[in-house]
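What follows is each chain in one-letter form.
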Amino acid sequence: MMIDLHTHTVFSDGELIPFELIRRAEAIGYSALAITDHMDASNIDLIIPRVVKAVQKMRSYVSIDVLPGAEITHAPPELIPELIKEARHLGAKIVVVHGETIVEPVLKGTNRAAIEAGADILSHPGLISIEDLLLAKEKNVLLEITARKGHSLANGYVAKEAIRFGAPLCINTDSHSPSDLITKETARKILLAAGIEENRIDSIFENAKFLIDKVLRRN
Ligand SMILES: [Zn+2]
Ligand SMILES: [Zn+2]
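Residues numbered from 1 in each chain as written. Chains lettered and ligands numbered in written order. Predicted model: local features only at pLDDT ≥ 70, side-chain atom pairs only at ≥ 80, totals over all residues. Heavy atoms only, no water.

Caption draft 1: Representation of the environment of N43. Here N43 lies in the loop between β3 (38-39) and α2 (44-58). Residues N43 and T173, 130 residues apart in the sequence, show an inter-C-alpha distance of 23 Å. (Helix = DSSP H or I, 4+ residues; strand = E, 2+ residues; numbered from the N terminus.)

Caption draft 2: Region of the structure containing the coordination of the zinc ion (ligand 2). Bound to the zinc ion (ligand 2) on the protein side are H6 (NE2), H8 (NE2), E71 (OE) and D174 (OD), at distances that span 2.0 to 2.2 Å. Here the zinc ion (ligand 2) binds four donor atoms, and the angle range of 82 to 171 degrees at the metal identifies the geometry as irregular. The sequence pattern formed by the donor residues of the zinc ion (ligand 2) is H-x1-H-x62-E-x102-D. Separating the zinc ion (ligand 2) and the zinc ion (ligand 1) is a distance of 3.2 Å, and E71 donates to both of them. On the criterion of sequence distance, the pair formed by H6 in the loop between β1 (2-4) and α1 (18-28) and E71 in strand β4 (residues 65-72) is long-range, its members being 65 residues apart. We note that H6, like E71, is buried. (Donors = N, O, S within 2.8 Å, 3.2 Å for Na, K, Ca; no water. Tetrahedral: all angles 85-135°; square planar, octahedral: opposite > 155°, others 65-115°. Buried < 20%, exposed > 50% of the residue type's maximum accessible area, 1.4 Å probe, protein only.)

Caption draft 3: Structural view of the side chain of N172. Structurally, N172 is set in strand β8 (residues 169-172). A polar atom in the side chain of N172 sits 2.8 Å from the backbone nitrogen of L5. (Polar contact = N/O pair within 3.5 Å; in protein donor to acceptor, adjacent residues only side chain to side chain.)

Caption draft 4: Region of the structure containing the coordination of the zinc ion (ligand 1). The coordination sphere of the zinc ion (ligand 1), as far as protein atoms go, consists of E71 (OE), H98 (ND1) and H124 (NE2), spread over 2.0 to 2.1 Å. Within one chain, the residues serving as donors to the zinc ion (ligand 1) are arranged as E-x26-H-x25-H.

Caption draft 5: Main features of the nonpolar core. Residues L33, I72, L143, I145 and I196 are the most contacted members of the largest nonpolar core, which totals 58 residues. In terms of residue count, α2 provides more of this core than any other element does, seven residues in total. In contact with I145, not counting residues within four places along its chain, are N155, V158, A159, L169, C170, I171, N172, I190, L191 and I196. (Core = buried A, V, L, I, M, F, W, Y, C linked by side-chain atoms within 4.5 Å. Contact = heavy atoms within 4.5 Å.)

Caption draft 6: Just helix α3 (residues 80-90), in detail. Residues of α3 that are buried: I80, L83, I84 and A87. Buried residues of α3, viewed axially, fall in a sector of 100 degrees; they line one side. Projecting away from the buried face of α3 at angles above 90 degrees are the exposed residues E82, K85 and H89. Tucked inside the fold, the buried residues of α3 contact α2, β4, β5 (94-98) and α4 (110-116). (Arc of directions from axis to C-beta.)

Caption draft 7: Just a nonpolar patch on the surface, in detail. On the surface, a nonpolar cluster with roughly 340 Å² of combined accessible area is contributed by V10, F11, I17 and F19. A relative accessible area of 39% means that V10 is categorised as partly exposed. (Patch = residues over 30% accessible without salt bridge, like charges linked within 9 Å, V, L, I, M, F, W, Y side chains within 5 Å. Areas by Shrake-Rupley, 256 points an atom, 1.4 Å probe, with all protein chains shown as cover. Salt bridge = Lys/Arg side-chain N within 4 Å of Asp/Glu carboxyl O.)

Caption draft 8: Inspection of the pattern of salt bridges at higher detail. The full count for this structure, using the stated rule, is 10 salt bridges. Between R23 and E26 there is a salt bridge, with its nearest N and O atoms 2.7 Å apart. With a gap of three residues between them, R23 and E26 both fall in helix α1, about one helical turn apart. For E26, a relative accessible area of 19% puts it in the buried group. As a salt-bridge pair, E198 and R188 come within 2.4 Å of each other at their nearest N and O atoms. Taken as a pair, E198 in helix α8 (residues 198-218) and R188 in helix α7 (residues 184-193) lie far apart in primary sequence, 10 residues in all. Note on R188: relative accessible area 23%, which makes it partly exposed.

If you want it as structure tokens, here you go:
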């Protein structure tokens, strides 16, 4: 079943409120979902408690694991460590940092700061450097293959280099709309299309599963 650890709601620039996103994810066959809205210093303490509340209320009524999270977005690299810390303190279980995608002017140094500060996932890391790949391997930060238009332009590079240097991968949708949610079969195709060999696909899903198990144990 599909595990998706990067999605957005109306609390940032997504279209759905948390309950509807959760229900739609359940209906399409997810086993786990993280809600990771865009955050900076202005809204981190507004959003995380709202999402935590929605997840707690909904938890008993759905068959999937739902984790409140955050996507620290366009923060200067110097501020990333404190924002990750604040997100966790506020109840985010999955902390994503919006990486150096080639389609936005994300500050250089963002990938490094996210990995050093121990984000759970570095989303759409673009043309990530060898040094950063090795550091992600050492710190076990998952590098994202994405289903999202635009960001996905670098999927082939991320897949090739992560596999070459042994850095762990995951796949997420970065959903903003209901139609962005995908089945596990589609996720498999996106991984194959990124040039990943069939025999490595299961281990990529297992990385996400392992992260969830770790996070749920942390509770
Ligand atoms: Zn992002
Ligand atoms: Zn995102």
